[in-house]
Amino acid sequence: MTFNSSIAGQSHDDHSVSRRDLLLTGCSMLAVSLAAAIPGLNASAFADETQPPHIIYILADDLGWKDVGFHGSDIKTPNIDRLAETGARLEQFYVEPMCTPTRAALLTGRYPLRYGLQTGVIPSGGKYGLATDEWLLPQVLKEAGYTTALVGKWHLGHADRKYWPRQRGFDHFYGALVGEIDHFKHQAHGFDDWYRDNKVVREAGYDTTLFGAEAARIIGGHDPKTPLFLYLAFTAPHTPYQAPKDYLDKYAHIADESRRAYAAMVTAMDDEIGRVVQALESRGMRENTLIIFHSDNGGTRSAKFTGESVVKGPLPPDNGPYRDGKGTLYEGGTRVCALANWSGRITPGVVDGMLHVVDMYPTLAGLAQGTLGKNKLLDGVDAWPAISKNSASPRKEIVYNVEPFRAAVRKGDWKLNLHALLPGKIELFDLANDVSETTDLSDKNREKVAELRGRIDELARESVPPLLVMDTIRLVLGSPPSTPEMMFENSD
């Protein structure tokens, strides 16, 4: 196996043998030797240490950091809380500020600035998608012998079938291609957006419930001897805020209509996560399953980022102590609720080192004993020791994002937020003492500002133009004149 776990992205020979391979081989040989030497010792006791785990990767959509029970919310999330209590709470887990960039970062192990998905999300009329020359995580896992399935939301390209999940390494796809759908009608802009594999299907039901049922069905019919990668990407609690009546009734005491529906959506999602865990237990797969859960970005705090839904009253997501929310480069938009759970393999507790969603690619590839080499230069690092044993994180830097009009990076506890649009602004925060980003220290720390600004400039030189901007220019310049019919023929 070839394995790349450095931010610098060292190049490796495809036929090289990694330290992980040697360790795994050594463990296997030791298990066999001990079994033969010690009467009554069962070699299978060592098997789970060397066999690739099943991986259930659960993504919430626009979930507020505080909107789970283990962060002190009044929203009921007993199943998520149980996973957090018996697993690792990842309290410095970072993602991109919006949906499409985070999902791209997860599946590529690379910052979206490298392939043009750093700005906004792919709109319903967008013609572009995640570059097809990127070698995605499900492709790595599939080559390692995994069955791969996506249940839920894609949002990485829909205008051309070459961008679709089945063409990008998933054996099975069930869900929506675009970003925002009606949770009961399964439609976007009045068009059906509900697929089984590459075909549109029409089904009645609440999407969160349907996603949970489909995930449980896949697990129930799966051969436990074959490793499974199930990417379960809920559309909850993204707008529009909708939930079945029985869930709304659970929160009848909440007067605000949006907050009531939002809370109901989160609890409905939690119930489906409980259904998935139960399916794993029933199938005898739970003990060898790694479960990861986090949101794709912070909860929405500005109406600019609610999509096309009209929301009455204040926006309901709560990001706790973190400033602002979805769509921004402040902590509230990028530091999310996250956990990892694997019985016997992850030490329960709090992991407080910095982690980024790009780290999941090399981390999961390593656990899967997958071969890297077809991928491009990774930004992610193998974070398994930090996640499993709460050892020091190998990550010393967070790249929040770099766009033509804004950027943010963090080194250690220092974070620089650059607003390039006029009037420009630079903010420097000491997150060790000011996690809420209330005090700008840029005037008192010119050298630190220069250091972090230099890093932003370096990343900007490595960036490609945002595809959203290029596609918008195409739409604007390619549109017919918005004038009365025959105006040009009749004018002077």
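Note that the structure is a prediction, hence the values are computed from the model and not measured.

Trainee: Run through the sheet that holds strand β1 (residues 54-60), naming residues and quoting values.
Mentor: Adjacent strands of a sheet form backbone hydrogen bonds with each other and so pair up, either parallel or antiparallel. Strand order in the open sheet formed by 10 strands is β9-β8-β5-β4-β10-β1-β11-β12-β2-β13, with mixed pairing between adjacent strands. One side of each edge strand has no neighbouring strand; the edge strands of this open sheet are β9 (199-200) and β13 (349-351). The pairing of strand β8 (residues 195-196) with β9 spans two bridges and is classified as antiparallel. Considered in β9, the bridge of R196 is made with K199. Against the sheet, helix α2 (residues 78-85) engages β2 (88-90), β11 (289-295) and β12 (338-341), with an angle of about 65 degrees to β12. Its contacts with the sheet place helix α3 (residues 99-108) against β1, β4 (147-153) and β10 (228-233), and it is angled at close to 170 degrees to β10.

Trainee: Before we move on, can you summarise the packing of aromatic side chains with the specific residues and values?
Mentor: A ring pair, where both rings are aromatic, is described by two values, the distance of the centres and the angle of the planes. A full pass over the atoms with the stated rule returns 14 aromatic pairs. Measuring from centroid to centroid gives 5.8 Å for W342 and W384, while their planes differ by 45 degrees, and the two rings are tilted. Of this pair, W342 sits in the loop between β12 and β13 while W384 sits in helix α10 (residues 384-389), placing them 42 residues apart in sequence. The exposure class of W342 is buried, given its relative accessible area of 1%. With relative accessibility at 10%, the residue W384 sits in the buried group. Here the aromatic cluster, defined as three or more aromatic residues joined through ring pairs, consists of Y57, W154, F170, F229 and Y231. We note R345 situated over the ring of W342; from NZ or CZ to the ring centre the distance is 4.4 Å. The ring centre of Y400 lies 4.0 Å from the NZ or CZ of K415, which sits over that ring.

Trainee: Requested: an account of the environment of L230, with residues and values cited.
Mentor: Note that L230 resides in strand β10. Separated by 79 residues in the primary sequence, L230 and V151 place their C-alpha atoms 7.5 Å from one another. When residues no more than four places from it in sequence are discounted, the contact partners of L230 are I55, I56, Y57, A149, V151, A215, I218 and I219.

The rules behind these values
Residues numbered from 1 in each chain as written. Predicted model: local features only at pLDDT ≥ 70, side-chain atom pairs only at ≥ 80, totals over all residues. Heavy atoms only, no water. Pairing = 2+ DSSP bridges. Helix = DSSP H or I, 4+ residues; strand = E, 2+ residues; numbered from the N terminus. Contact = heavy atoms within 4.5 Å. Axes fitted to C-alpha atoms, helices over the stretch in contact; angles between N-to-C directions. Phe/Tyr/Trp six-rings, centres within 6.5 Å; stacked < 30°, edge-to-face > 60°. Buried < 20%, exposed > 50% of the residue type's maximum accessible area, 1.4 Å probe, protein only. Lys NZ or Arg CZ within 6 Å of the ring centre and 35° of its normal.

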